[in-house]
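# Coordinate analysis (summary)
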Amino acid sequence: MSPVDNSRIKKVRQHISQNEGLIFEKSSPGKAAYRLSALDVPEVDAESLLGAQVRDDLDGMPEVSEFEIIRHFTRLSTWNYAIDLGMYPLGSCTMKYNARVNEVVVRMDGLANAHPYLPPEMAQGALRIMKTLADCLIEICGMDAITLQPAAGAHGEMTGIMLIHAYFDNKGEKRKKILIPDSAHGTNPATAAMCGYTVENLRSNDQGMVDIEALAAQMNEDVAGLMLTNPNTLGVFETEIHKIADLLHTKGGLLYMDGANMNALVGKVRPGDFGVDVMHLNLHKTFSTPHGGGGPGSGPVAIKKHLEPFLPSPILIEKGGKLSFDYNRPKSIGRVKAWYGNFGMHVRALAYTLANGPDGLRQTTEDAVLNANYIREKLKDVYELPFNAPSMHEVVFSHKLQAAKGVKTGDIAKRLIDYGFHPYTTAFPLVVADHGAIMIEPTESEPKEELDLFIDAMREIAREAQESPETILTAPHTARVKRMDETTANRKPILRWKP
Amino acid sequence: MRYLPKSQADREAMLREIGKTHIDELFAPFPPEYRLRGDLNVPRQMSEEEIVTYFKQRSEEMVADHTLMLGAGVYHHYRPVVIDALISRGEFFTAYTPYQAEIAQGTLQAVFEFQTMVCQLTGMEVANASLYDISTGIAEGALMAMRLTGRNETVIARTVHPEHREVMRTYTQHQAMPIREVGYAEDGRIDLKALDAAISDKTASVIIQSPNFFGTLEDVAAVADVAHNKGALLVVGIAEALSLGIVKPPSEADIVVMEAQSFGVPIGFGGPHVGVLATKEKNVRQMPGRLIGQTVDKDGHRGFVLTLSTREQHIRREKATSNICTNQGLIALVATIYMCIYGRRGLRGLAMQNLAKAAYAKSAFGKNAKVLFNEAPRFNEFVVQTKEDPKVINRRLLDHKIIGGLPLKNWYPELGNAAVWCATEMVGKEQIDTAAKAVRG
Amino acid sequence: MAYPAAYRYTKEHEWIKVEGDTGTIGITDHAQDSLGDIVFVELPKVGAEVAAHKAFGTVESVKAVSELFAPASGTVTAVNEDLASAPEKVNSDAHGSWMIKIKIKDAGELSGLMSAADYEKYVAEEGGN
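Analysis parameters
- Residues numbered from 1 in each chain as written.
- Chains lettered and ligands numbered in written order.
- Predicted model: local features only at pLDDT ≥ 70, side-chain atom pairs only at ≥ 80, totals over all residues.
- Heavy atoms only, no water.
- Helix = DSSP H or I, 4+ residues; strand = E, 2+ residues; numbered from the N terminus.
- Rg over C-alpha atoms; globule rule 2.2 N^0.38 Å.
- Buried < 20%, exposed > 50% of the residue type's maximum accessible area, 1.4 Å probe, protein only.
- Contact = heavy atoms within 4.5 Å.
- Arc of directions from axis to C-beta.
- Pairing = 2+ DSSP bridges.
- Axes fitted to C-alpha atoms, helices over the stretch in contact; angles between N-to-C directions.
- Phe/Tyr/Trp six-rings, centres within 6.5 Å; stacked < 30°, edge-to-face > 60°.
- Buried area = accessible area lost by both parts, 1.4 Å probe.
- Salt bridge = Lys/Arg side-chain N within 4 Å of Asp/Glu carboxyl O.
- Nonpolar A, V, L, I, M, F, W, Y, C, P; charged D, E, K, R; others polar.

## Points about the overall build of chain A
Helix and strand counts for chain A come out as 15 helices and 12 strands. Its C-alpha radius of gyration of 25 Å places chain A within 12% of the 23 Å reference for a compact globule of 499 residues. Here the C-alpha coordinates of chain A stretch approximately 75 × 65 × 45 Å along the principal axes. Classification of the 499 residues of chain A by burial places 65% in the buried group. Across chain A, the fraction of contacts at a sequence separation of at least 24, relative to all contacts at a separation of at least 6, is 71%.

Listed below in structure tokens is the structure:
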């Protein structure tokens, strides 16, 4: 094998990376990172209070000093890629800038330490934040009402589909099926199943869009609704959305929109206007709340009037300028989470909305779509576009041109790491032949300079695929660790440290 | 707009490169009749200063510097400053789910440490990378027990947090899962006789919470015996994780669902918090949510990866163990750092302080009012029955900047004027004495 | 890889070896090869009923789950417990690593299965698509 040539990588150089063991391996008896405050009440004897329920020891829990903790987690942090370091073009994930002011306001004492059981008259500030955010989101979506309770996108989906279920139950109709396009996220069918529905696959046409004829053929009085992502996971807007909505509504069905890709729509068009009955938003995508290495998220569900009676309890109401919760909701699907949702994410999402205003929200969408189309234009001669329909906020290529040399989407992704970028989404959506999707979502947060570096990296990798495919197949070469043995991790799982 | 890193000239140059003259050409796929012509009706763009001022005003409309003697599912504990210093590193809080292991080892190792510490604390063998919170975790636990046993009924104690019970009912309403609630005995614990009668050969799981909603420790071993005798699994919810510093772990359980909010997570008006589900190794393939596993890379270096992913929605779709995708990653990191700070001796010491505060408070209150379920062991919460409506007492306490206990009337009308009070290490003797005087009525 | 002539094969890439009314079932070498590293095999319990052309279990690689289809209907009489701890055996010896044994209910169902030669041809054609 010829030596790997990294000379054309422009964005990054290698630097020292500290080694760091598990925290348990640094532990030794007697070290401590805490000192308890003086106790101002008499000490107690645990054994006499708890009897047989008293615990003897916390075996295995670490004993380390404060500075070792700082070093431990600082070192770990340097092993992560992050949006703060560079472009993070994961398609459908909307990795955009997480504004720092959001982190400041959410930590304000009155908000961070507010108990959820404070009587409403003592919690007007928090309720006002929720109400203002709710009003903004309703306006942005063109819907009639909203719940902020769901904790994430999939949780929002579950809530939304349960609302549909309750709507039909209330009408005395027993519909059994939910239609889901073959390009959908895995959460959609998993959600429909949790809500007791049978999933019926809806195939895409040769443009990657909903096949209207197939929909017409499959739509009947047994179908409760269609779960549609729009723009879909190929980044393509369903131009015949009004026909889709009509087909659903004519047969009494409801249109659910997965709002994962709302970053392409905000300020330009509203789902409520094009016939959506119920939808969820991902505040951790479109509204910039941080992904935090896998969460927390927030998945508000916006609805049209006819679903309002079924919203999760409680709902926020305003009377004479005073906000409170209404728990008397006899038709409600019930509560989907303790208290009122991930309030900290509501604060951040509102701070984002206020920082943008109507003009900023629109410009954000325009820049996100411009960035995706710029990448498309600059890469379309070296990567195959499996579907030719116009791209909105993300562009999906395939690995077809590279696969001829044995280089697949996952390999190109690994090589992109050497070039200083987080990979795009690989192998999804499934409608791209051979599962060879290269799904790129730059978001509005990237300056032209960063996009040009990314384009350059992707073009270099395309060249390498032809000239030295081995370089790609063995990538990454410069990361702290090489490709992981996932097979053994699955065959003989080690899911915890043991002394 | 200050977050957008492009000049107008950049935008025009990019448009030219893609052969367009106006940005709206890129929005041509939107049917014209639906395109927005004007501005959205949302507040105008604000400066950073204006944003800070706006939220400061909202924050000041809340009560802030009061002492919380209110727990009931969220607990006010001291948050060491190290936590925010570390989680504010962009490499943690602006990273995505660690799908690309080579550039996500930081998150992966931290979650592996989280899973380990949760196992050690709960007495379980495997723990997942987190769930939204305990309320949804209880529901996931009930569904998991259904899959493990092939049975479909669930028995849940009335001493489980009322909102958690409610969430479980919502989650499972289309699963053909009959739910039976079992009341409590005189000591405030689940009524074991009634429990035994409620379990049938179709019962998948018995769900309890310990310490329960009254603050009482359930006799987990005894409940486990009753459940296991009839082939049902035991799911134990732990809403106050710090109790595990001094209370025996529920090793007899089959599934433990823990809320780790107590470990350094702000109360934050109810979220985000962090749930975690732990179980025995043999049940691992029916677990919901992500799991991190240890392995080696091609050069033999230790590393960590997302593993056993075939359980999850992105692979198994409608047959997945749950639809969960996004979890509570950053909050799990908060809990991990907290557990490192207090560690083996500190968690015990802090738990002992809570025990002492609550014991003192209970006896102080006991002089002026009736403490219910007084004989059963408890951690940092207790139920007080008063002549007066607890709401009236709480209003009086506001003058002393104390937030009083949670009135139980809505959920347990049979207890009359009762409220559940909480005394963590954050509550001073002075406040306890003041509150104890106030309950006299 | 030679496909044992004594086995019969399904279009879903399972094999069955018939001895009297006992059918021993596994997956073909072609199937293990296209699945990649097998990390887990989920099988029914002894006593379970399986139906011809219906799923009786799953086989998992790191990023995929595939269903196992029964070549014939019957009652499960034995399960290869070794595969629980050593699923890699299916990769190294697909035709030797049986998964379940069944008591065949209707021998007539077997006539629809392919011979080794037919299966080899089928795989060659399928691969060429």
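## Observations regarding unusual backbone geometry
Peptide bonds are mostly trans, and most non-glycine residues show a negative phi. All names here are of chain A. Each neighbour pair has its own omega, and for F428 with P429 the value is 0 degrees, a cis peptide bond. Summarising the element assignment, P429 is placed in the loop between β11 (425-426) and β12 (437-440). In this structure, P476 follows A475 across a cis peptide bond, with omega equal to 0 degrees. Not every positive phi belongs to a glycine, and S288 is a case in point at roughly 65 degrees.

## Considering the side chain of T229(A)
Its location among the elements puts T229(A) in strand β4 (residues 223-229). What makes T229(A) buried here is its relative accessible area of 5%.

## What about helix α13 (residues 429-438) of chain B?
One full turn of an α-helix is made of 3.6 residues, so residues set three or four places apart face in the same direction. All names here are of chain B. Turning to α13, its buried residues number three or more, namely I432, A435, A436 and A438. Projected onto a plane normal to the axis of α13, the buried residues spread over an arc of 160 degrees and lie on a single side. Among the exposed residues of α13, those pointing more than 90 degrees away from its buried face are E430 and K437. Structurally, α13 contributes buried residues whose contacts are with α11 (329-366), α12 (390-398), β13 (402-403) and β15 (418-422).

## Things to note about the sheet that holds β15(B)
Residues and elements named next belong to chain B. If you trace the 4 strands from one edge of the open sheet to the other, you get β11-β12-β15-β14, paired in antiparallel fashion. The outermost strands of the open sheet, each flanked by one partner alone, are β11 (370-372) and β14 (406-407). As paired strands, strand β12 (residues 381-385) and β15 are joined by 5 bridges and run antiparallel to one another. The residue bridging E381 from the neighbouring strand is C422, located in β15. Against the sheet, α11 touches β11, β12 and β15, its axis set at about 5 degrees to β12.

## Quick look at the environment of G321(A)
All names here are of chain A. With respect to the element layout, G321 can be found in the loop between β8 (315-319) and β9 (322-326). Given the relative accessible area of 41%, G321 is considered partly exposed. For G321 and I83, which are 238 residues apart along the polypeptide, the C-alpha to C-alpha distance reads 40 Å. Filtering out sequence-adjacent residues up to four positions away, G321 remains in contact with Q124 and R128.

## Observations concerning the sheet that holds strand β7 (residues 255-259) of chain B
Paired through backbone hydrogen bonds, the strands of a sheet run either parallel or antiparallel to each other. Residues and elements named next belong to chain B. One open sheet accounts for 7 strands, arranged β2-β8-β7-β6-β5-β3-β4; its pairing is mixed. The sheet is open, and its two edges are formed by β2 (126-127) and β4 (179-182), each paired on a single side. Note that strand β6 (residues 233-238) and β7 share 4 bridges and pair parallel. Among the inter-strand pairings, G237 is bridged to a residue of β7, identified as V257. Its contacts with the sheet place helix α6 (residues 134-149) against β3 (153-157), β5 (203-209), β6, β7 and β8 (275-279), and it is angled at close to 170 degrees to β7.

## A look at the packing of aromatic side chains
Across all of its chains, the model carries 38 aromatic pairs over all chains by this definition. An angle of 55 degrees between the planes, with centres 6.0 Å apart, marks the rings of Y117(A) and W411(B) as tilted. With Y117(A) in the loop between α4 (109-112) and α5 (124-141) and W411(B) in the loop between β14 and β15, this pair bridges two chains. Classification of W411(B) as partly exposed rests on a relative accessible area of 25%. Relative to F55(B), the ring of Y54(B) has its centre 5.0 Å away and its plane inclined at 90 degrees; by these criteria the two rings are edge-to-face. Each member of the pair, Y54(B) as well as F55(B), carries the same accessibility label: buried.

## Focus on the interface of chain B and chain A
Taken together, the contacts link 187 residues of chain B with 201 residues of chain A. Between chain B and chain A, a total of about 16,900 Å² is buried, with carbon and sulfur atoms accounting for 65% of that surface. Applying the counting rule to chain B against chain A returns 16 salt bridges. In this structure, R11(B) engages D367(A) in a salt bridge whose closest nitrogen and oxygen atoms are separated by 2.7 Å. Examining the composition of the side of chain B that touches chain A, we find that 25 residues originate from one element, α11(B), more than from any other. Here the side of chain B that touches chain A is built from residues that sort into 92 nonpolar, 52 polar and 43 charged.

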